[in-house]
Structures are given as structure tokens and as C-alpha cells.
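In case you want the letters, here they are:
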Amino acid sequence: MTESSVPEGYSPHFRKSRFTDPWEPLFSKTLAREVSIGLVLSEAHCNSRGLVHGGLIASLADNAMGLSCVAALQEDGRGAPGGLVTITLNTDYLGSARIGQWLATDTHFVKAGGSICFADCLVRADGVPVARASATFKVLQAG
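These numbers were taken from a predicted model, which means no experiment stands behind them.

**Student:** Quick question: what am I supposed to make of the packing of aromatic side chains here?
**Tutor:** Ring pairs (aromatic) are described by centroid distance and by the angle formed between their planes. Applying the stated criterion to the full structure yields three aromatic pairs. With a centroid separation of 5.2 Å and 70° between ring planes, the pair formed by Phe19 and Trp23 is classed as edge-to-face. A relative accessible area of 56% means that Phe19 is categorised as exposed. Ring geometry for Phe27 versus Trp102: centroids 6.2 Å apart, planes at 45°, classification tilted. Of the two residues, Phe27 sits in strand β2 (residues 27–30) while Trp102 sits in strand β5 (residues 102–112), which places them 75 residues apart along the sequence. Here Phe27 matches Trp102 in class, with each residue buried. A network of ring pairs unites the aromatic residues Tyr10, Phe27 and Trp102 as a single cluster.

**Student:** Is there a simple way to explain helix α1 (residues 54–75) in this structure?
**Tutor:** In an α-helix, one turn spans 3.6 residues, which is why side chains three or four residues apart end up on the same side. In this model α1 runs 31 Å from its N-terminal to its C-terminal C-alpha over 22 residues, within 8% of the 32 Å that 1.5 Å per residue would give. Count one or two residues on from α1 and you reach Gly77, which has phi positive near 80°.

**Student:** Would you mind going over the layout of surface pockets with me for this structure?
**Tutor:** Where empty space is left in the structure can be found by rolling a water-sized probe over the atoms. Estimated volume of the largest pocket: approximately 390 Å³. Taken together, 19 residues form the lining of the largest pocket, with Arg15, Asn63, Gly66, Leu67 and Leu84 sitting closest to its centre. Those elements that place two or more of their residues in the lining of the largest pocket are α1 and β4 (83–93). It is α1 that contributes the most residues to the lining of the largest pocket, six residues altogether.

**Student:** Could you clarify how one ought to interpret the sheet that holds β2 in this entry?
**Tutor:** Consider a sheet: its strands pair through backbone hydrogen bonds, and that pairing is either parallel or antiparallel. With antiparallel pairing, seven strands are arranged side by side in an open sheet as β1-β2-β3-β5-β6-β7-β4. Both outer strands of the open sheet, β1 (11–12) and β4, are each paired with one neighbouring strand and no more. Relative to strand β6 (residues 116–125), β5 runs antiparallel, the two sharing nine bridges. When the bridges of β6 are listed, Asp106 appears paired with Leu122. Helix-sheet contacts for α1 involve β3 (35–40), β4, β5, β6 and β7 (128–140), and the interaxial angle to β5 is about 40°.

**Student:** Could you clarify how one ought to interpret the nonpolar core in this entry?
**Tutor:** Generally speaking, nonpolar side chains in soluble globular proteins are found buried as a group. With 32 residues, the main nonpolar core has Met65, Leu103 and Val123 as its most contacted residues. Counting residues per element, the ones that place at least two in this core are β3, α1, β5, β6 and β7. By size, the runner-up hydrophobic cluster in this structure holds six residues, among which are Val6, Val40, Trp102 and Ala104.

Conventions adopted
- Residues numbered from 1 in each chain as written.
- Predicted model: local features only at pLDDT ≥ 70, side-chain atom pairs only at ≥ 80, totals over all residues.
- Heavy atoms only, no water.
- Phe/Tyr/Trp six-rings, centres within 6.5 Å; stacked < 30°, edge-to-face > 60°.
- Buried < 20%, exposed > 50% of the residue type's maximum accessible area, 1.4 Å probe, protein only.
- Helix = DSSP H or I, 4+ residues; strand = E, 2+ residues; numbered from the N terminus.
- Expected span 1.5 Å × (residues − 1).
- 1 Å grid on protein atoms, 1.4 Å probe; cavity = no way out; pocket = protein on both sides within 12 Å on 5 of 7 lines; lining within 4 Å.
- Points joined across faces, edges and corners; volume = space filled by probe spheres on them.
- Pairing = 2+ DSSP bridges.
- Contact = heavy atoms within 4.5 Å.
- Axes fitted to C-alpha atoms, helices over the stretch in contact; angles between N-to-C directions.
- Core = buried A, V, L, I, M, F, W, Y, C linked by side-chain atoms within 4.5 Å.

Below you can see the structure in the form of C-alpha cells.
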């Protein structure tokens, strides 16, 4: 897969940070209660064996689940929070991914509470699950 064959519905990721800069180009797709983040895997994302690094998978899932929680809070009419802070992050690795594959998140569960949010996510390489993750986030007050 090449950058020109990014799946339909994805566009350049709207949120940039110095932490994720080395992973660029990142793409995202926003739905009512989900932000999916994806990228075409390259050598920079992988270990010496050419497999995607578990740290990238965990960080991508954390990022997508947090943004999905913000989307859910806004969908529920609660406005934008002052941010979210990860309380717990659990990642189970189910398989591996290789250079050239499309790696994307699928946040399939979000429960947005008043001060805490919960999310579950699958990370897929070319549609095949390679990890599942769950996280708990503290909702920070705006201002």
C-alpha cells in the first residue's frame, strides 16, 4: 500500500504534535463518537525485524481512544473538555504488521462520564486485528 491508496474517508490528521511528527503522514477519519487514526507502515515505524513496534501500536490506540472520548463528550452536548489524561492503558498484541500495510484504529466502545471516560479499540493491519486496547481517561475541566 502507498500513501496514494489511503482508504476512502481518511484525510490528513487534524491534530499534530511533536510526539507524533516522526510517524507522519498520519490520517484520520471522524465519525460521531469515533476518531480513527491510520498510517501506511514504513521502516521508521518498525523494529529491526521489519515488524511494527508495539510502542507505536499502543500510542496510536491511546491517541485514537482519547480523541474518540472527546468526540463522544461533544456528541453528548458537553462541549470540549480542557483535555484528557490517560489513567490506564492496556494493550494486548494479537498479531504483527509489516512495512507497507495500512494500520488503523477502530474505537468500538466509548463511555463518557462526568469526570472519567472509558474506551476500547482494535488496531488492524490491512483489516486484520493485530492488537486490542482499552483505556481510562480523566476529563480535565476547560479553562
